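What follows is each chain in one-letter form.
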Amino acid sequence: MSNGYSANQIQVLEGLEAVRKRPGMYIDSTSSRGLHHLVYEIVDNSVDEALAGYCTEIRVILNKDNSVTVIDNGRGIPVGIQEKLHKPAVEVVFTVLHAGGKFDSGVYKVSGGLHGVGASVVNALSKRLEVRVCVDGYEYSEHFAYGNVTEPLKKLGPTDKRGTMVTFLPDDTIFEETVFDFNYLKVRLREIAFLTKGLKITLEDDREDPVYKESFHYEGGISEYVRFLNRSKTTLYDDVIYFEGMKNDVLVEAAFQHNDGYTENVYSFVNNINTVEGGTHLAGLKSALTKTFNDFARKNKFIKDNEEPLSGEDIREGLTAIVSIKIKEPQFGGQTKRKLGNSEARVAVDSIVSEKLGIYLEQNPAIGRIIVEKSLVAKRARSAARKARELAHRKSALDSMSLPGKLADCSDKNPENCEIYIVEGDSAGGSAKTARSRATQAILPLRGKILNVEKARDDKILENAEIQAMITAFGTGVRDEFDISKLRYNKIIIMTDADVDGAHISTLLLTFFYRFMPDLIREGHVYLAKPPLYKIEKNKKVWYAYSDDELNSIITEIGRDQNNKIQRYKGLGEMDAEQLWETTMDPEKRILLRVTMDEDDKLDIDNTFSILMGDKVEPRREFIEKNAKYVQNLDI
Ligand code: TSJ
């Protein structure tokens, strides 16, 4: 060959050594996220065994040495010698890139899908990996290190069990983070259990004493998922409406229930992968809902013959829905490869949901009526909301003449250089205005608590003075009219007191940004300022501590002394302008936390906001208790 590579060299490059040399080509990151994906990579194989009908239980164990064990009660990975490579099939699975397929075609699979890099990549990125298989009456084991066989396949002895067990220890020279997070794994494993009805998944933390376990097992599958997502909401009717069916080789499940809120929470999955950009299956669901509810509404005279139909948005206000399909050859497209392209999926979902929902509504007209009445209210409110949105848009499009009165704008007109501080309270706002660097820092003080956008419709939200001030100042508009190129500040910085009220205000603001201008967060423009918790003075010298740990290390360093003066800051208002500048606003010294989001976590983020901001107390109390150990600097 002209480039001088021999076939043999190419073979070598395609081996597992390539994975270790360039992990980024095989996993999307070597950060904490990539580390956790190793677990999903292994678990997906057991889920496939469950989808094939041979496995009912999966256990995931976080071991003390930070290795992970995955156990299933499926058929066991075959151990027979594979003809082509003259090796046991199980060894091929762990040592050949993208192995599999030969003995498992013609079934729905979740592994090998989008992230599906296979067990061999996990093996290559592990310091050690052990597999045990119980199959055909015997137990076998094989050991690997860095992807290489260290103990060949060994027959251990007879057993009456069946199944596969894999233990792997991620290589800490490859991953930046090697400690597994129970809660991160829990969210996804619970989701897999919801999406695979009947499958029991247990997550066990053996690093805790006593061992901490949670199990997920849902006979109702995605209809239980919808009930779970609505648990912090007031629902409009008790049923979760659920349909399943098969058409064109596409297995379709859909479930939904309305709540009395205003946001649309519709999620779609293909082979257990969350299709964050939607696609044909989602389009099929939306079209079926719009068509079928309009048919029902007309038939029952909720809409007159000459009246406009309900729009899809009207019907989906307050809707929590999931569509989950299994398809043999998914075609993914879109920016993040999370958009389904198969046209047969649209047809399958549309026709199954249309047909079954039509029958359901005939048999349950009272529920149909509740939904249509809610949609009719939404339809009326929608036109008011559109006017409010357009007004907000027009206002922001005008020049600085229309900027809010409370805004102290910066003089530099290049957004690249500019930042805006959203400040809690007029007094802190006043100090911030004095302290700021006028050229590049704008200050927008907010009075009191801002509106909870989870509990109001667009028209009410956009009438709110504080929200209007932000929209006008940012310049981007909201929702469909949002245009990031109009953004007037490169950084939007939320500055609140370091106490519970401050945290609440930050959450309200983040909820507003997330619902109305999610791209601000997605593109990394939103930050939280971190004011100091303590001021330490000794012999006219001053230190600031931003956490209890930092306070302790400062005290250790300067020595415990009668002359030390330690002041606990209760709020921004206690600092004068100079202190505020020095501790929280000076770009050279301040601490800013950038707010980020991972598309994969969208469902969980939606859910977290609705729990924190929703109307039921119990789920919120439970959430705060469970997450209390992760919350720092909360002055309770
Ligand atoms: F991939 C893997 F090695 F990482 C892995 C695979 C890890 C774990 C924890 C489980 C599994 C796995 C594989 N569980 N069950 C299976 N099943 C098969 O590999 C299997 C068994 C029998 C047949 C058959 O056609 O008889 C086909 C397959 C795919």
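Structure first, text after, so check above.
## Describing the sheet that holds strand β23 (residues 541-545)
Read from one edge of the open sheet, three strands run β23-β22-β24, paired in antiparallel fashion. Of all the strands in the sheet, the pair left with one neighbour each is β23 and β24 (565-568). Each strand of the sheet is rotated relative to its neighbour by a mean of 20°, with strand direction disregarded. Taken together, the four bridges between strand β22 (residues 534-538) and β24 define a ladder with antiparallel strand orientation. For Lys-535, the partnering residue across the bridge sits in β24 and is Gln-567.

## Comments concerning the pairing of strand β10 (residues 212-217)
Two elements, strand β9 (residues 200-205) and β10, share six bridges in a ladder whose sense is antiparallel. The partner of Glu-204 across the bridge, within β10, is Lys-213. Hairpin geometry of β9 and β10 is characterised by an intervening segment of six residues between the two adjacent antiparallel strands.

## Quick word on the sheet that holds β10
What the eight strands build is an open sheet, ordered β7-β6-β5-β8-β2-β1-β9-β10; its pairing is mixed. For this open sheet the edge positions go to β7 (148-158) and β10, each flanked by a neighbour on one side alone. Within the sheet, the average angular offset between the axes of one strand and its neighbour, ignoring direction, is 10°. Here strand β6 (residues 138-145) runs beside β7; their pairing, made up of seven bridges, is antiparallel. If you follow Glu-139 over to β7, its bridge partner there is Gly-157. Its contacts with the sheet place helix α3 (residues 32-51) against β1 (57-62), β2 (68-72) and β8 (163-170), and it is angled at close to 170° to β8.

## Remarks on the side chain of Asn-265
Secondary-structure assignment places Asn-265 in strand β13 (residues 265-270). Those residues in contact with Asn-265 that lie beyond four places of it in its chain are Lys-233, Leu-319, Thr-320, Ala-321, Arg-515 and Asp-606.

## Quick notes on the layout of surface pockets
Of the pockets and cavities examined, the second largest pocket occupies roughly 1,500 Å³. Contributing to the lining of the second largest pocket are 46 residues, with Glu-264, Arg-479, Asp-480, Arg-515 and Lys-602 lying nearest its centre. Where the lining of the second largest pocket is concerned, the elements lending two or more residues are β13, α8 (280-299), α9 (312-316), α11 (365-397), α13 (458-463), α15 (500-516), α16 (518-522) and α19 (602-613). It is α11 that contributes the most residues to the lining of the second largest pocket, six residues altogether. Partitioning the lining of the second largest pocket into residue classes produces 17 nonpolar, eight polar and 21 charged.

## Re the site of the ligand
Around the ligand, a shell composed of 17 residues is seen, among which Asn-45, Glu-49, Asp-72, Arg-75 and Phe-94 lie nearest. Alone, the ligand offers 620 Å² of accessible surface; in the complex the protein occludes 83% of this. Sorting elements by how many residues they give to the shell around the ligand places α3 first, with four residues. For the shell around the ligand, the residue count by class is nine nonpolar, four polar and four charged.

Definitions and limits used
- Residues numbered from 1 in each chain as written.
- Predicted model: local features only at pLDDT ≥ 70, side-chain atom pairs only at ≥ 80, totals over all residues.
- Heavy atoms only, no water.
- Pairing = 2+ DSSP bridges.
- Helix = DSSP H or I, 4+ residues; strand = E, 2+ residues; numbered from the N terminus.
- Axes fitted to C-alpha atoms, helices over the stretch in contact; angles between N-to-C directions.
- Contact = heavy atoms within 4.5 Å.
- 1 Å grid on protein atoms, 1.4 Å probe; cavity = no way out; pocket = protein on both sides within 12 Å on 5 of 7 lines; lining within 4 Å.
- Points joined across faces, edges and corners; volume = space filled by probe spheres on them.
- Nonpolar A, V, L, I, M, F, W, Y, C, P; charged D, E, K, R; others polar.
- Near = heavy atom within 4 Å.
- Areas by Shrake-Rupley, 256 points an atom, 1.4 Å probe, with all protein chains shown as cover.

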